[in-house]
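# Secondary and tertiary structure notes
This is what each chain is made of:
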Amino acid sequence: MLTLHHLEYSQSFRILWLLEALAIPYALETYERDPDTKLAPAAYKALSPLGTAPVITDGDFALAETNAIVDYLLDRHPNPQLRPPADAPHRARFLFWFHVGQGSLTPLLMMETLFTIIKQRVPFFMKPFVSIALGRAGDGFIKPRLNALLTKAEADLAQAPWFGGDALSVADIVLSYSIESASLKGFISDEHPHCREWLQRVYEDPAFQAAKAKDGREQMVLAH
């Protein structure tokens, strides 16, 4: 039986959304984060060598990594809208955004979150020095790259309503976690009206709504 092991406030929400969009049978096992560390519990970490979300199991087989799981599911349940074929008009655009989420946007946001956590936990006497160093790294590396990606997103969404083109695709599903995170962190502003409109379309998607009802939380992202 295909099972999604869903960790609260994690990237596994996207797989939950995809499963609802595919309308295929699956079991759902939910896990809560440790209230003190905010990390996944030991039972979740034991599911795969990475110990991170998302994870699916299919019989005795376990698979981690969002895009790998997406491809695994769509190989078994093909859907030309969710994964446009090679001859689709927006195929190159789809491929770009499908991989940007995990390859560029999410790592940058994770670095920004890590910097925030370090600033909060560093000993008091070191805070001024650490804050200056991390501030320079953020201003010189993270923010320019985030702004470039969001500028590209804004331009593409002005041409077509979804990251994969004219219809919702797994590019949108994969990007949803990082775009919502960027919005909550204040990186998406009035300068990004198309990104904000896209987020609203995401929230209104019936499969997203069904996934949200099963997840039971107001948002995908755990705010830091």
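## Things to note about the nonpolar core
Core analysis: the largest hydrophobic core is formed by 54 residues, its most contacted members being Trp17, Leu73, Val170 and Trp198. For this core, the elements supplying multiple residues, two or more each, are strand E1 (2–7), helix H1 (12–22), helix H3 (66–76), helix H4 (91–121), helix H5 (127–159), helix H6 (170–184), helix H7 (193–204) and helix H8 (206–215). Broken down by element, this core gets its largest block of residues, 8 residues, from H6. Residues within four places of Trp198 in sequence aside, it is in contact with Leu157, Pro161, Trp162, Phe163, Asp172, Leu175, Ser176 and Ile179. If you look at the next biggest cluster of nonpolar residues, it comprises 7 residues, including Ala40, Tyr44, Ala53 and Val55.

## Section: the sheet that holds E1
The 4 strands lie next to each other as E2-E1-E3-E4, forming an open sheet whose pairing is mixed. If you trace the sheet from one side to the other, it starts and ends with strand E2 (27–31) and strand E4 (61–64), each paired once. When strand polarity is set aside, the average angle formed by the axes of neighbouring strands in this sheet is 20°. Two strands pair when backbone bridges link them, and strand E3 (residues 55–58) and E4 are joined in this way by 4 bridges, in the antiparallel orientation. In the sheet register, Thr57 faces E4, and the bridge partner there is Ala62. Helix-sheet contacts for H1 involve E1, E2 and E3, and the interaxial angle to E1 is about 140°.

## Brief notes about unusual backbone geometry
Along the chain, Ala53 connects to Pro54 via a cis peptide bond; the corresponding omega equals 5°. Among the secondary structure elements, Pro54 is positioned in the loop between helix H2 (42–45) and E3. With a phi angle near 50°, Tyr9 is a residue other than glycine that sits in the positive phi range. With respect to the secondary-structure elements, Tyr9 resides in the loop between E1 and H1. You will see that Ala23, though not glycine, has its phi angle at about 55°, which is positive. Of note, Ala23 is situated in the loop between H1 and E2.

Analysis parameters
Residues numbered from 1 in each chain as written. Predicted model: local features only at pLDDT ≥ 70, side-chain atom pairs only at ≥ 80, totals over all residues. Heavy atoms only, no water. Core = buried A, V, L, I, M, F, W, Y, C linked by side-chain atoms within 4.5 Å. Buried < 20%, exposed > 50% of the residue type's maximum accessible area, 1.4 Å probe, protein only. Helix = DSSP H or I, 4+ residues; strand = E, 2+ residues; numbered from the N terminus. Contact = heavy atoms within 4.5 Å. Pairing = 2+ DSSP bridges. Axes fitted to C-alpha atoms, helices over the stretch in contact; angles between N-to-C directions.

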